[in-house]
Each structure stands twice: as C-alpha cells, then as structure tokens.
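# Per-entry structural report
Residues per chain, in single letters:
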Protein chains: 2
Amino acid sequence: MSILIKNVELKGKSVDILTDGERITEIAPDLKVEAEHVIDKRHLAVIPSFYNTHTHAAMSLLRGVADDLHLMEWLEKHIWPLEAKMTDKDIYAGSKLSILEMIKSGTTFFNDMYWHPEVTIKAAKEMGVRASIGLTLLDGAGENGSKETVDRNFHILKEECNSTISLTIAPHAIYTVSEENLIWAKEFADKNDLMLHIHLAETETEVEGCIEKTGHRPVHYLEKIGFLGKNVIAAHNVWLEADEKDILNKREVKINHNPVSNMKLGVGNTFDYSAFKGVTLGTDGASSNNNLDMSEEMKIAALLQKHVSADPTRLPAREAFDMASMNGAHAFGYDAGRIKEGMLADMLLIDLRNPCMVPGLNVISDLVYAANGNSVDTTICNGKVLMEGRVVENEEKIREAAIAAARELIN
Amino acid sequence: MSILIKNVELKGKSVDILTDGERITEIAPDLKVEAEHVIDKRHLAVIPSFYNTHTHAAMSLLRGVADDLHLMEWLEKHIWPLEAKMTDKDIYAGSKLSILEMIKSGTTFFNDMYWHPEVTIKAAKEMGVRASIGLTLLDGAGENGSKETVDRNFHILKEECNSTISLTIAPHAIYTVSEENLIWAKEFADKNDLMLHIHLAETETEVEGCIEKTGHRPVHYLEKIGFLGKNVIAAHNVWLEADEKDILNKREVKINHNPVSNMKLGVGNTFDYSAFKGVTLGTDGASSNNNLDMSEEMKIAALLQKHVSADPTRLPAREAFDMASMNGAHAFGYDAGRIKEGMLADMLLIDLRNPCMVPGLNVISDLVYAANGNSVDTTICNGKVLMEGRVVENEEKIREAAIAAARELIN
C-alpha cells in the first residue's frame, strides 16, 4: 500500500512524506501525489520507530505476579512454576498483549527468546510488527529445549520467514546450555545464516559459575569454543572485564543493554556503555521491567550512565535515541532508523499536543527525557499503519484474552 | 459538590465511593445515594493522588532548552540568562503548563520554589490543585530575592491561603543565602506558622563550599544556627554523612528525594533512602527531569535504590507508592494518601484497559513499575473533578500560551 503523511514535523520543518510498499519514497513540502491512505493532522512530528533487541514477550502475562525479590527466589518460587504451566495458548495470549503494548508505545521490532516460537510468530504476523524469534536451547527444559526440537522447529518455521519475520538460534546462557550444545548452536546458525541470541554476564553469580565450570570468564570461554562472531547478539553484558569487552568488539558481537531490568533485579554492576559502538536497547521481559516502553528505557539508560559516572554529559539524548531505534535496526540488518527517502517505512507520528512535548524546543530531548510511549499517535511498520490515533485493531479482544489466560494460570 | 463513583476497583473489590465537599464520606458496594456528579465506567481503579514535594513549576517553559551539560555550564550559559528574561507573564504560562501536566499525570499538590509567587498561586487556584508556594530568598537576585520582598509578599499573599493554597518561606540554599537571612527566614516562618523550603546537600561542590564558608558541613551548619525543625522541608539530601542524617531525623525535618533530577545532573552520590522515615518524592523542575510525572519518579526511585545496593528487595513498590502519595500529603499536613471514609478526596481513577495495566495481577506493582502518568483517567482534588476521561478544561489554550511565551523567550 501507499501512505501520504501531510504536514508533519521533521527536524523542525513541515513536510509531506510518501511511502510506497515497504519504503519511504518521497519527502518534500507540499507533495502533489495521491496515496491509498492519507494522514493529515498538523500536530504531529515524525521519528523512526523503536527496535527492542531483547524480550521475552509472552512474560507480560506474568506482569506484577512477583516483584522486589532476590533473583533466585523470584525465579524458583514464582516465575518458573508458572512458566512450567504455560501452554502455547498462554504464550500466544501473552505475545499478543506484549505486541499490543509495543505498537502503542512505538516499537515495531522485537528480538525474542521464549518457548513455542510458532505462536509468537503467528502473533507478530497478525499484528504486523517485525520480530526475530528465538529457537531456545536450554538443557534443563528437556525435549522442549533440546537441539532436536530447535532443528525440527527451524525446518518447520523457516517457511514463515520473510521481510518482517526471522529466526534466531537462542542458547539461553552459558550456565544453562552444555558446551556441546553451544558449539552445535554456533555451527547450526552459521550454516543456516541465522543470528544467535544469548544472555551474557548478567550477574556476578553467573561469572563465578562459568569460572568454576570452565576455568574461564564468560567471554573468554565463548571465544575459546569459537562461539563469538558478528551474528551473535549478546544480552546484558554487565559483568565484563576490559579484555572481555575488547574481544566482543573484535568479534563484532552485537551488544544489547537492558538498564531497567538490570536495575530492578539489582544485578550489582553497571553496563559500560562507553566500551561499545552501536549499542542496542531492550526492555527484557515484562516480569523484570515491568513494561515494554522504549521511551522509558531510553531515559533510564541515559540517567543510569550519568549517575554512575557523575557526568551529566554521558549518553546524551541523541545517542540514547539512536540506541533505541537505528542501532537496533542495523544490528538486525534492517535499513531503518532514519526518516529518509529509500529507507524502510518504520516510523512513528508523535502527538506534539501532549503537555510533556510542550513547548517543543527540542523534539529529541522531549522524546528521551519528557515523553512516554503514550505520546505515539501513529505507528507504521514496513509501510503499513498498525495504529492511528492510538487505535489498534482488536485491542479489547487481546486484553480480555490475556486477562483470562493469566487468571487461569495463577489460580 | 458531591461525587458518586460507581463500580470502581479498590484493593481488588468493586465498590462505590461518595464524596461530599472536600472529603470521602462513604465507601461501600452498591451505594443507594444521589450526587451532583456521577462517574460510572467499570474499567477504573481508585488510588490516592500524587503529592510532588519539590518543583520549580514555571521551568517547564524551558523544557529541552539545554540538556546533557555540566551543572554550572547548564545554569550559567542557558538557564540563568533565560530566567533573567522571564516576566510574570512567562511564569504564569509555565506554571499553567506544569499544572496541566500534573493533572494529566495524577498530581494534585506541588511544593514550589520560584519567582512571582502571585502568578503561580493564580494558576494553581484556576486549575484547582493544591500548592505550597515558596517566597524565595536568594541574595544574588537583588530586590526580588530580598527579605523585604518576602515580607511584603507574605502580607499580600496570606489572604490567598486556604485549604488548598499555602505559603512557604524558601531560602534557596546555604550557598545562595547569607546566615543573617537564613536566621531571619527561620524566625519569620516560626512566627507565622509557615514551612521552610530549602535545597540541601545536592552536590559535593555545595558541601565543600559550605565547609569553606562556615567551617561546617551543611546540616551541622544549619543545626548550629538553629534553622532545623519539623517545619523544614529539605530537598535532595544527597551528600550527607551519617551524623547529619541523625540530626535531620532528630529535628524531624521533612525529607524530599528527587531521583531523576539527581541522576540527570550527575550529582555523583545516591540519596540514602534507608536512613529516613516518611521520605517524600519530587520531580524538581522540568529543566532537569524533564517532566513532572510522579509515576515515572516512583519507578526510578525504586530502581535506583535496588541498583546501588545490589538488592532487589529495597524500596518495594508499596513504599515507592507511599513516598509519592501519602508521605507527601502528611509532610504538608494533609489528611490524604489513603482511600478511606473521612479522608480528603484527593484521588485518581486509573484506566485498567491500558495494556501496561493488563493482566492486572497487582495494581500497586502495575502503577509503580509498568504504568506511566497517562494511565490516569480521572483526577480529583479536594472533592472536585479536575480531569475526567483525560480531558482538562482549556488544555489547548494553556498549550498555545506556553508555546508562544517560550518562543518569545528563546528568540
């Protein structure tokens, strides 16, 4: 389809924007063209949409079920017992709820790691967002987390892949996946041209466990077994020593940062933003955040760096914005993150009437420091309108299904 | 007036709530009463409203004008030159914008320190929120910041005080107010039964300056000159040693915490939440935040404590919520912060259909960790409806006036 957006603010100027198919085709004042869909509101600014590079989407079904607990108590007493009861129906309901929340707060891509990848793919396709869906390897999860299941799922689900949906091989972490399976994952991903998605150095306990098990710190260990490469996206990266950061950079590993989750779980160290280029941003699952709002994530990322370094110039607004948008797009090979002719039409129209966007002296500053996800009026992904005037199709049905599934799960 | 709220969720149960005049008069299922105004929507939860205990409301006019700078560069090159140009008309426009943002995010009280107190009082009265308005003492500001002006303003403005508006004497800080004037402020406040509002121990530079100037750390100095007492509200309290915290507690000083502002300005230390009881929460001015959203402030307060202590159990959701609501109310002598018969009718109706409030397993957790200010559907202050269905009177006019004032100021 084609979309014509009239009289929208772009870098302080009023322009018209035309999309055709998946891409932005023309940007200029007062375009004399026709389009299948026209948006003309005069109080909107256009910005690139958000790319959330580490999620467990279905976990929004467990939002608020347990907070303010030590990690292992939280996992063992609350999260894991509920997850053990979750069916594909629950994961579908939770994924739909998360994607609804993402669209309503301007996110058009998520990089997910969970179970029943087929239903999260179904949810993403129905709602029109981009997603990289992990095929999860986890030794303790029996058949579900085995390489045989990953292999079988890959061969079934590769048919589902297209310009919006891709698969990743997702060995959960060093402490949950055997060396044999890590190496298998790497080889399988390389052979099939897939990315690898792994949790890395989130907690000190994890580092200590890795040293005990392998004799090496996490990055040294992954380097030793030949796991690292530019098709790896590593989530968290909190407990790293200087030479480990050097190795990740040398191997061009994609770096994901989850400031809210790290702070809420009290991981006890701060991600070293200055050590990496092209850092991407994620919310992690809603159980440790407890939302999927990338606006909030940008702000807290910037605040955390300034606080820990006692330097208010660190991680300025523009860089935080790029982390949440362009960097994530580039990490996953999408030609998006800027509003320019030829780029993919992944973009947001922001309501400048929201009081926190007033007086509007600096749109990027306002977006990072003042706005929240509710400032998004319209969400466009891959040249399709997923939300306009804050209305998403089937919102009530998605909400009711999630509430019903959560109630059944908890009781 | 009287308000009847039908079928609203309170602590997991559906009830009706009746207010009469300033107070909540009845809470029970299925009340058979009449009221002048009835709200009956069936997708709302009721909670106490927020009390923001440290603001410079008019500074929302400067939102986004300069960020990511060192404190003195930010103040000297950007904020102070613009503030020097601000007229009472600008301060009125900025105050209205801030109060609009507060009402839309559920705040019904703010404790303010700025200039031209008469116009901020006018703005607060027109919009129906509670406010404590500082009469600011600041030696470098000439006549504007002199004790003669404070004295004169007090005698004019005390006529404006009522159950929603009060005055404070607001010596800006130790580094900007002479000992003579600090002592005068204390005596004036005590004599006239007023609170004192002061910035305290925000930066290390401030502490070093105090030691150089007086030979004492800030709290020791204020104790020595007899300034401290239970009518003092101290903002920030970041750079304090153990015995200073003991003195503040012994003197029953009211404690305000501004996590976002402290982090954004990189003050280099963390407020010690565990040292105090009844801590209250503030956003500080929009220039160093850059919004007035107490939902976000609660979340970041909790995240900051967990992060710095590496303990996810610190500052749990319920305590963060009380900091933002009840503790602020009590610090300023308001009988609010709980939804109970007899309490002041300062309350919010939260839209449970917002995806981040779904599936709704724990409303307090959802409010602190998942929601933002836009989840507020209805804001009630002192038994009056200030917003219903997210509509505030004159919103467009307030926005346009702020934009016009800011443009004129910047150019």
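To be clear, the structure that these remarks concern was listed above.
An account of the accompanying structure is given in this report.

Criteria and thresholds
- Along each chain, the written sequence defines residue order, and numbers are assigned to residues from 1.
- The naming scheme follows written order: chains are lettered A onward, ligands numbered 1 onward.
- Given that the model is predicted, a residue must reach a pLDDT of at least 70 before its local features are reported, and side-chain atom pairs must reach 80 or more before they are shown or counted; all residues, however, enter totals for whole chains, interfaces and linings.
- To obtain the side-chain values, all non-hydrogen atoms of the structure were included, while hydrogens and water were left out.
- For each residue, the accessible area found with a 1.4 Å probe, counting protein chains only, is set against the maximum for its type, and the residue is called buried under 20%, exposed over 50%, and partly exposed in between.
- Think of it this way: any DSSP run of H or I at least four residues long counts as a helix, any run of E at least two long counts as a strand, and we number them from the N terminus.
- What qualifies as a polar contact is a pair of N or O atoms within 3.5 Å, subject to a donor-acceptor requirement within protein and to the restriction that residues adjacent in sequence count only when both atoms come from side chains.
- Residues are treated as being in contact if the distance between any of their heavy atoms lies within 4.5 Å.
- Criterion for a salt bridge: a side-chain nitrogen of Lys or Arg within 4 Å of a carboxyl oxygen of Asp or Glu.

On to helix H3 (residues 117–127) of chain B, then. Taken as a whole, H3 of chain B has its buried residues at Pro117, Val119, Thr120, Ile121, Ala123, Ala124 and Met127 of chain B. Gly128 of chain B occupies a position one or two residues after H3 of chain B and carries a positive phi of about 90°.

So, on to the side chain of Asp351 of chain B. Residues and elements named next belong to chain B. Relative to the helices and strands, Asp351 is located in strand S14 (residues 347–351). In terms of polar contacts, Asp351 uses its side chain to reach the side chain of His43, at 3.4 Å. A polar contact of 2.9 Å, which involves the side chain of Asp351, links it to the backbone nitrogen of Arg353. Leaving out residues up to four positions away in the same chain, Asp351 has contacts with His43, Leu44, Met357, Ser375 and Asp377.

Residues and elements named next belong to chain A. Among the secondary structure elements, Asn231 is positioned in the loop between helix H7 (218–224) and strand S11 (232–236). Only 2.9 Å separates the side chain of Asn231 from the side chain of Asp190, close enough to count as a polar contact. Among the polar contacts listed, one links the side chain of Asn231 to the backbone oxygen of Leu194, at a separation of 3.1 Å. Setting aside its immediate chain neighbours within four residues, Asn231 contacts Lys186, Ala189, Asp190, Leu194, Met195 and Leu196.

Turning to the environment of Ala317 of chain B, a few remarks are in order. If you trace the backbone, Ala317 of chain B turns up in helix H11 (residues 317–324). For Ala317 of chain B and Val219 of chain B, which are 98 residues apart along the polypeptide, the C-alpha to C-alpha distance reads 30 Å.

Take the pattern of salt bridges next. Using the criterion set out here, one finds 52 salt bridges over all chains in the structure. Close ionic contact of Asp322 of chain A with Arg318 of chain A constitutes a salt bridge, the shortest N to O distance being 3.2 Å. Placement of both Asp322 of chain A and Arg318 of chain A in helix H11 (residues 317–324) is noted, with a separation of four residues, approximately one turn of the helix. Classification of Asp322 of chain A as buried rests on a relative accessible area of 12%. Residue Glu223 of chain B pairs with Arg251 of chain B through a salt bridge whose shortest N-O separation is 2.9 Å. Pair noted here: Glu223 of chain B is in helix H7 (residues 218–224) and Arg251 of chain B is in the loop between helix H8 (242–250) and strand S12 (254–257), with a separation of 28 residues, a long-range link. The class for Glu223 of chain B is partly exposed, based on a relative accessible area of 22%. Overlapping salt bridges, with partners in common, bring together Lys6, Asp16, Asp30 and Lys32 of chain A in one network.

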